[in-house]
Amino acid sequence: MIKFGPGNLAIPKQMRPVYLVAAGQSDFKKFYPEKKTEELAVEAFRMLALENNLKVDGIQELKEYIHTACYGHFADHFGDQLLGEALIHDRLGLDPMGNVGIKTGGATGGSTLWIASNLIASGYSDCALAMGWERMDEVDTWTGNHYIATAADKDYETELGHIYTGYYALMAQRYWKVFGKGSPAFRRTMSKIAVKNRRHAYSNPFAQTHGKITVEDVEKSPVVADPLRFYDACLMSVGVSAVLVCSEEVAYKLSDKPMRLFVTAGSHTLRTADRRNMDIPLLPHEEADPEIRKYYEKLKGPEVNERYPGFTGFLAARMAAYYAYNMCGIHDPCEDLDLVELHDAFTISDIQTYEDIGLRPYGRGPEYIESGDAYLTVPDDGSFSKKLAGKPGRLPSNLSGGLIGCMHAVGATGIMQVCELFWQLQNRWKYFHARKEMWERFGKTMPKDIENLQVPDAKRGLAISHAGVGSHVTCSILMRPDALPTK
Amino acid sequence: MAKHDYDFSNLNPTATVLRKLDPIVIEKPRAPIHIHTYGGESPFFRGLTEGKLLATRCVNKKCKPAGKEGHVFLPPRVYCPDCLERTEWIDVTERARKTARIHTHITVAHPGAFNRVPIPCELISVEIEGVSTIIMSQLRGAKPEIGMPIEPVFETAHPTFTILDLAWVPRKA
Ligand SMILES: [Zn+2]
């Protein structure tokens, strides 16, 4: 850890613009014995190559452009395979092009995009593949929990229960008590997030779950680690996601509708123990608002005395957002963005992230849900006031279903989020989600009451990819090239 | 939760077991032992077995600490994370007895494989005056609450030589 100097807070630069031109994924399942990971990777790549209106004559012509491949795969012990990247690269027929494996826990997908985008921005490559996957079904949940817990410090943390959820829940409990006051209203907000994300997954053929749940279902589900219940937690999944990133010249050669891509990254200590009380950078709209600055001083003062964002927020997410907003000209995320895909590993960490990325000030994350902002259409099921129900929200979140409803195939997750943003910005949500053929491809039947989740005229989207208790976080922002903010 | 047709109860390390024919699914047993060192952090774990809580502190006068609560590390660090100079060991047992409090807590009801702590386990993060970090540990014999004064206890009779040799109980008045 460091005291911030000018070098630390320097705003990242792309030496030239980076574009995203195509996206593809497999479906996501808890157990997937029907297919090897290599097969799922080829299927994701085929979707990327063949279903994104690319101006090439088939897969082989597209492959002639690919110069580098970045592969995100986190847990070698889950897959029981070192250098799985080389296996996948071969199955995709991309040898002898350079490739690299990237791993940063739950943020692996985001980090993979970070590296791929920087390969383009620097001029090293004109076209790079970013693909991520995870295979978590070779062991039972009991062993799986141990494997995940080895991503904590094995000498000082893992021995304490071999359960990562517990280490997360320490932060959740602190947030719950300090800012949530342990109140039923706060508990209800958490439940609404689980309901919202599962509801979105219901209309997503790629998603692992398709059951609609209610607030009561969430609050009656078994406690995993108080205050977190079964439905508050993300899924464990098998699956693959991929995107293609390009220079401007290649982007427009391949596509009529490429999107601009910006990716940044932050970090914080692996052990929560080491989260010392330190300053955080303010986001542009916070900097400009004396009320918020005064409020933050109060949080640090004797009245609240909170070591924010040590235990109740994720400094890594704050850093990633700070870099990203300043890099691409976002002032106020709620005003300037049209949709977000957040890393809802748990409902409560989702709320904490709202604050880190400035959707609400620290300590006031629940307002993002309760204001109706987080919805495409505020539900008319009695959980919101008559005034809000049925109205469009300002900044819908996790229309994919997120990690709670769609998937958490670790290395794929951060890329899945960006696939969804990309199709939304291209106005192609319907093609990938609301066609019978897409559901049948995955052995499913399209629900009769599928909800149209296309955000009208979506111009800018953001995705947060997040590891562990916040050791690595990336922020990806995708924009329509005709809708870059004027700084 | 999705139903599946796997049964993971057979952990015989030598057997090759066919689980399914279409597609072919087999068992691949694993039972490795890792030989692991605590290296320069060994005094901390030795200290626990002797009833001592040892931390490290940066003594570099030129060091600019990143945190606001001083410069004492627990878990210990061989090198200061700010200036990367070697730290020195200090005994914080008494300080912990007098000032330790629960910063946050959680009950672990469903542990992962290889767990050795008695379940349910009360997981806690411990703040100690003058220590800049908040070590994770376990509470025994009480329901934890944020702010609860606690004191350390040590497994000196049958040490495990792991972090489990340290636990906490409510502080006696
Ligand atoms: Zn130092």
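Before any of the text, the structure's been laid out above.
Analysis parameters
Within every chain, residues take consecutive numbers counted from 1 along the sequence as written. Chains carry letters and ligands carry numbers; both start at the beginning, A for chains and 1 for ligands, and go up in the order they are written. Per-residue local features of the predicted model are confined to residues with pLDDT of at least 70, and side-chain atom pairs are confined, for both listing and counting, to 80 or more; whole-chain, interface and lining totals are unaffected and use all residues. Just so you know, side-chain values use all the structure's heavy atoms and leave hydrogens and water out. A donor here means any N, O or S atom no more than 2.8 Å from the metal (3.2 Å for Na, K and Ca); water is not included, so a site may seem to lack partners. Key to geometry: four donors with every angle between 85 and 135 degrees are tetrahedral; four donors are square planar and six octahedral where opposite donors lie over 155 degrees apart and all remaining angles lie between 65 and 115; all other sites are irregular. Strands here mean DSSP runs of E at least two residues long; helices mean DSSP runs of H or I at least four residues long; both are numbered from the N terminus. Burial here depends on accessible area, computed with a 1.4 Å probe over protein chains only, as a share of the maximum for the residue type. Under 20% is buried, over 50% is exposed, and the range in between is partly exposed. In this analysis an axis means a line fitted to C-alpha atoms, helices contributing only their contacting stretch, and an angle means the value between N-to-C directions, from 0 to 180 degrees. Oblique is the label for any angle not under 35 degrees, not over 145, and not in the 65 to 115 range, which are roughly parallel, roughly antiparallel and roughly perpendicular in turn. Handedness of each helix crossing follows the sense of rotation of the near helix against the far helix: counterclockwise by less than a right angle gives left-handed, clockwise gives right-handed. By definition in these notes, contact holds between two residues if any of their heavy atoms fall within 4.5 Å. Under the grouping applied here, Gly and all other residues not named as nonpolar or charged are polar, the nonpolar ones being Ala, Val, Leu, Ile, Met, Phe, Trp, Tyr, Cys and Pro and the charged ones Asp, Glu, Lys and Arg. Here, a salt bridge means any Lys or Arg side-chain nitrogen found within 4 Å of an Asp or Glu carboxyl oxygen. By convention a nonpolar core is built from buried Ala, Val, Leu, Ile, Met, Phe, Trp, Tyr and Cys residues, the set being connected through side-chain atoms within 4.5 Å. Only Phe, Tyr and Trp rings take part, Trp by its six-membered ring, and two of them pair if their centres are within 6.5 Å. Stacked means planes under 30 degrees apart, edge-to-face means over 60, and tilted covers everything else. When two components associate, each loses some accessible surface as probed by a 1.4 Å sphere; the sum of these losses over both components is called the buried area. Side-chain atoms alone can form a polar contact between residues adjacent in sequence; in general such a contact is a pair of N or O atoms within 3.5 Å, and within protein one must be able to donate a hydrogen while the other accepts it.

(A) View of the coordination of the zinc ion. Residues and elements named next belong to chain B. For the zinc ion, the full set of protein donor atoms is Cys-58 (SG), Cys-63 (SG), Cys-80 (SG) and Cys-83 (SG), at a range of 2.3 to 2.4 Å. One can describe the donor arrangement at the zinc ion as tetrahedral, given that its four donor atoms subtend angles of 104 to 114° at the metal. Spacing between the donor residues of the zinc ion along their common chain follows C-x4-C-x16-C-x2-C. With Cys-58 in the loop between β3 (54-57) and β4 (72-73) and Cys-80 in the loop between β4 and β5 (88-91), the pair connects residues that are 22 residues apart, well separated along the chain. Each of the two residues, Cys-58 as well as Cys-80, counts as buried.

(B) Spotlight on the packing of helix α1 (residues 37-50) of chain A against helix α4 (residues 84-91) of chain A. Residue and element names in this part refer to chain A. Close contact between α1 and α4 brings their axes to 9 Å; oriented N to C, the two are set at 50°. By the angle between their directions, the pair α1 and α4 is classed as oblique. Between α1 and α4 lies a crossing whose hand is right-handed. The residues of α4 that touch α1, namely those facing Thr-37, Glu-38, Ala-41 and Val-42, are Leu-87, Ile-88 and Arg-91. Along the lines of polarity and charge, the residues of the contact of α1 with α4 split into four nonpolar, one polar and two charged.

(C) Just the environment of A:Pro33, in detail. Checked against the element boundaries, A:Pro33 lands in the loop between β1 (19-25) and α1. A sequence separation of 100 residues divides A:Pro33 from A:Trp133, and the C-alpha atoms of the two residues are 15 Å apart.

(D) Structural context of the packing of helix α9 (residues 184-202) of chain A against helix α16 (residues 347-356) of chain A. Residues and elements named next belong to chain A. Packing of α9 against α16 brings their axes to within 9 Å, and their N-to-C directions diverge by 100°. Here α9 lies roughly perpendicular to α16, going by the angle between them. Contact with α9, carried on its side by Phe-186, Thr-189, Met-190, Ile-193 and Ala-194, involves Thr-347, Ile-348, Asp-350, Ile-351 and Tyr-354 of α16 and no other residues of that element. Each residue belonging to the contact of α9 with α16 can be placed in one class, and the counts come to seven nonpolar, two polar and one charged.

(E) Quick peek at the pattern of salt bridges. Considering all chains together, one arrives at 38 salt bridges over all chains under this definition. Here A:Glu34 makes a salt bridge to A:Lys29, at a shortest N to O gap of 3.7 Å. As a salt-bridge pair, B:Glu27 and B:Arg19 come within 2.3 Å of each other at their nearest N and O atoms. Using a relative accessible area of 23% as the deciding quantity, one classes B:Arg19 as partly exposed. The structure contains a network of salt bridges with shared partners spanning A:Glu335, A:Arg360, A:Arg364, A:Glu367, A:Asp373 and A:Arg394.

(F) Layout of the nonpolar core. Judged by nonpolar contacts, the single largest core of 104 residues is most densely connected at A:Leu462, A:Ile477, B:Leu53 and B:Trp168. At 12 residues, the largest contribution of residues to this core is made by helix α14 (residues 315-328) of chain A. Counting residues in each nonpolar core, the second largest holds 47 residues, with A:Cys70, A:Ile102, A:Leu261 and A:Ala434 among its members.

(G) Up close: the packing of aromatic side chains. Residue and element names in this part refer to chain A. Summed over the entire model, instances satisfying the criterion amount to 23 aromatic pairs over all chains. Ring centres of Trp-423 and Phe-432 lie 3.8 Å apart, and the angle between their planes is 10°; this geometry places the pair in the stacked category. Take Trp-423 and Phe-432: they sit in the same class, and that class is buried. Ring plane angle 75° and centroid distance 4.8 Å describe the contact between Tyr-431 and Phe-432, whose orientation is recorded as edge-to-face. When its relative accessible area of 26% is taken as the criterion, Tyr-431 is described as partly exposed. One aromatic cluster is present, formed by Phe-206, Trp-423, Tyr-431, Phe-432 and Phe-442 through successive ring pairs.

(H) Just the interface of chain A and chain B, in detail. Across the contact, 48 residues belong to chain A and 56 residues belong to chain B. A buried area of about 4700 Å², summed over both sides, lies between chain A and chain B, and 62% of it is on carbon and sulfur atoms. Among the residues chain A hides against chain B, the three largest losses belong to A:Tyr156, A:Leu160 and A:Arg276. Together they make up 18% of the total. The interface formed by chain A and chain B includes three salt bridges. One salt bridge in this structure joins B:Asp82 and A:Arg276, with 2.9 Å as the shortest N-O distance. Inspection of the chain A/chain B interface yields 16 residue pairs in polar contact (both at pLDDT 80 or more). Sorting the residues of the side of chain A that touches chain B by element identifies α6 (141-149), α7 (154-158), α8 (164-178) and β5 (223-225) of chain A as the ones contributing at least two each. Per-element accounting of the side of chain A that touches chain B gives the leading share, seven residues, to α8(A).

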